[in-house]
Amino acid sequence: MGKASRDKRDIYYRKAKEEGWRARSAFKLLQIDEEFNIFEGVKRVVDLCAAPGSWSQVLSRNLYLPAKLSPNSNDSDLPLIVAIDLQPMAPIEGVIQVQGDITNARTAETVIRHFDGGKADLVVCDGAPDVTGLHDMDEFVQSQLILALKLFFTEVTFAKPKSSRNSSIEAFVVCENYSPPDGFNHKDLHLLLEKIGSPSGADDLDCSSGWLEGPNKVYIPFLACGDLNGFDSDRSYPLPKRADGSYQSLDPVQPPIAPPYKRALEMKKASSHGVQGLEKLSLDP
Ligand code: SAM
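Since this is a predicted model, take the numbers as computed values, not measurements.

1. A closer look at the nonpolar core
Step number 1: Within the largest apolar cluster, 35 residues are counted, with the highest numbers of intra-cluster contacts made by Ala26, Leu29, Trp55, Leu59, Ile81, Val82 and Ala83.
Step number 2: The set of elements that each furnish at least two residues to this core consists of helix H2 (11-19), helix H3 (26-36), strand E1 (44-48), helix H4 (54-69), strand E2 (80-85) and strand E6 (172-178).
Step number 3: Sequence-distant contacts of Ile81, that is, excluding residues within four places in its chain, are made with Val45, Asp47, Ser56, Leu59, Ser60, Leu63, Tyr64, Gly94, Val95 and Ile96.

2. A few points about the environment of Ser25
Step number 1: Along the chain, the position of Ser25 falls in the loop between H2 and H3.
Step number 2: Residue classification places Ser25 among the buried residues on the basis of 21 C-beta atoms within 10 Å.
Step number 3: Apart from the residues lying within four places of it in its own chain, the contact partners of Ser25 are Ser54, Trp55 and Asp126.

3. Concerning the sheet that holds E2
Step number 1: With parallel pairing, the four strands of this open sheet are ordered in space as E3-E2-E1-E4. This sheet does not close on itself; its edge strands, each paired only once, are strand E3 (95-99) and strand E4 (122-125). Here the average twist between neighbouring strands, direction ignored, is 20°.
Step number 2: Across four bridges, E1 lies against E4 in parallel orientation. By the bridge assignment, Asp47 is partnered in E4 with Val124.

4. Some thoughts on the packing of H3 against H4
Step number 1: Following both chains from N to C, one finds H3 and H4 inclined at 45°, their axes separated by 8 Å at the closest point. In terms of orientation, H3 lies oblique with respect to H4. Note on packing geometry: the crossing formed by H3 with H4 is right-handed. Only Ser54, Trp55, Gln57 and Val58 of H4 make contact with H3, whose side of the interface consists of Ala26, Leu29 and Leu30.
Step number 2: Grouping the constituent residues of the contact of H3 with H4 by class yields five nonpolar, two polar and no charged.

5. Considering the sheet that holds strand E7 (residues 222-225)
Step number 1: Strand order in the open sheet made by the three strands is E6-E5-E7, with mixed pairing throughout. The open sheet terminates on both sides in strands that have one partner only, identified here as E6 and E7. Strand-to-strand, the axes of this sheet are offset by a mean angle of 35°, without reference to chain direction.
Step number 2: Pairing between strand E5 (residues 153-161) and E6: six bridges, direction antiparallel. Considered in E6, the bridge of Glu155 is made with Glu176.
Step number 3: Together, E5, E6 and E7 form the strand contacts of H3, whose direction differs from that of E5 by roughly 130°.

6. A word on H2
Step number 1: Within H2, burial applies to Ile11, Tyr12, Tyr13, Arg14 and Ala16.
Step number 2: The positive-phi residue at the C-terminal boundary of H2 is Gly20, with phi of around 80°.

7. As for the confidence of the model for the protein chain
Step number 1: Taken as a whole, the protein chain shows an average pLDDT of 81; of its residues, 79% reach a score of 70 or greater.
Step number 2: A low-confidence stretch, residues 197-217 (pLDDT under 50), is modelled with 15 contacts involving residues beyond four sequence positions or located in other chains.
Step number 3: Predicted as a complex, the structure gets a pTM of 0.76 and an ipTM equal to 0.99.

8. Some remarks on the environment of Asp251
Step number 1: With respect to the helices and strands, Asp251 occurs in the loop between E7 and helix H9 (262-272).
Step number 2: For Asp251 and Arg14, which are 237 residues apart along the polypeptide, the C-alpha to C-alpha distance reads 9.8 Å.

Procedures and definitions
- Residues numbered from 1 in each chain as written.
- Predicted model: local features only at pLDDT ≥ 70, side-chain atom pairs only at ≥ 80, totals over all residues.
- Core = buried A, V, L, I, M, F, W, Y, C linked by C-beta atoms within 7 Å.
- Buried ≥ 20, exposed ≤ 12 C-beta atoms within 10 Å, placed from the backbone.
- Helix = DSSP H or I, 4+ residues; strand = E, 2+ residues; numbered from the N terminus.
- Contact = placed C-beta atoms within 7 Å.
- Pairing = 2+ DSSP bridges.
- Axes fitted to C-alpha atoms, helices over the stretch in contact; angles between N-to-C directions.
- Parallel < 35°, antiparallel > 145°, perpendicular 65-115°, else oblique.
- Left-handed = near helix turned anticlockwise from the far one by under 90°.
- Nonpolar A, V, L, I, M, F, W, Y, C, P; charged D, E, K, R; others polar.
- pLDDT = per-residue confidence, 0-100.

In structure tokens:
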């Protein structure tokens, strides 16, 4: 599919390039904020699974830059934004980058050091658990995640931003009011999750808050967000034309700096130059 046809098919893809976002996902976070006001009063924020960085750009433009440009700006008062990904990412003003695995405790320690031991006011994450392809297993892992969320937050809502295509089952979980169970020690987290996962585990938990009803049931509200009259991510829109009637396609705002598919592309290019090129590449480290 050519750039122009993708621009035509996907309005958010084109708008992202026009507005300087590295990915169309920026609109998803903006629309979630419109509905839930998640940026209000935020001073420390973590962006998990951040590359290529459109959510970090949203955080920079909505939190860091307004604070920096304010007449009473004070360096020690600027919001701290830490972005983590396995992949490297081109720099973004006001965003501290950590290249690492979000599931590794050492990565969490690095983030906490950046916050001088303080806690994050907001954690955003655009990653998803790896799927095994064994559907029962994948559903079980997802349910465990949802149950764990309901344990730690008083408000849990599924959100479907307008920029997320209806044809995709993608949805985001918005968790508000962090309130871990009494006596909770984060080092015991895996024990708690094991307990929820066991068939009888739910009976052992404190159900006084009423979130467990019937046999281990949790109902979570599902909310569409983003202006209902706004752009529809499943529709094609006419391309804006220049005066001479032609269309100018825009280049990506920030191509990935070390994409995982880079080597495959190099090998493909080398193969079009003959076997010698391929041999040379396979000898390179
Ligand atoms: N929110 C990003 C944006 O707006 O530009 C897009 C995120 S992309 C959909 C998912 C990212 O998750 C990938 O860049 C991938 O490298 C990262 N990722 C997946 N597993 C990870 C892990 N265990 N630790 C850190 N990053 C991970």
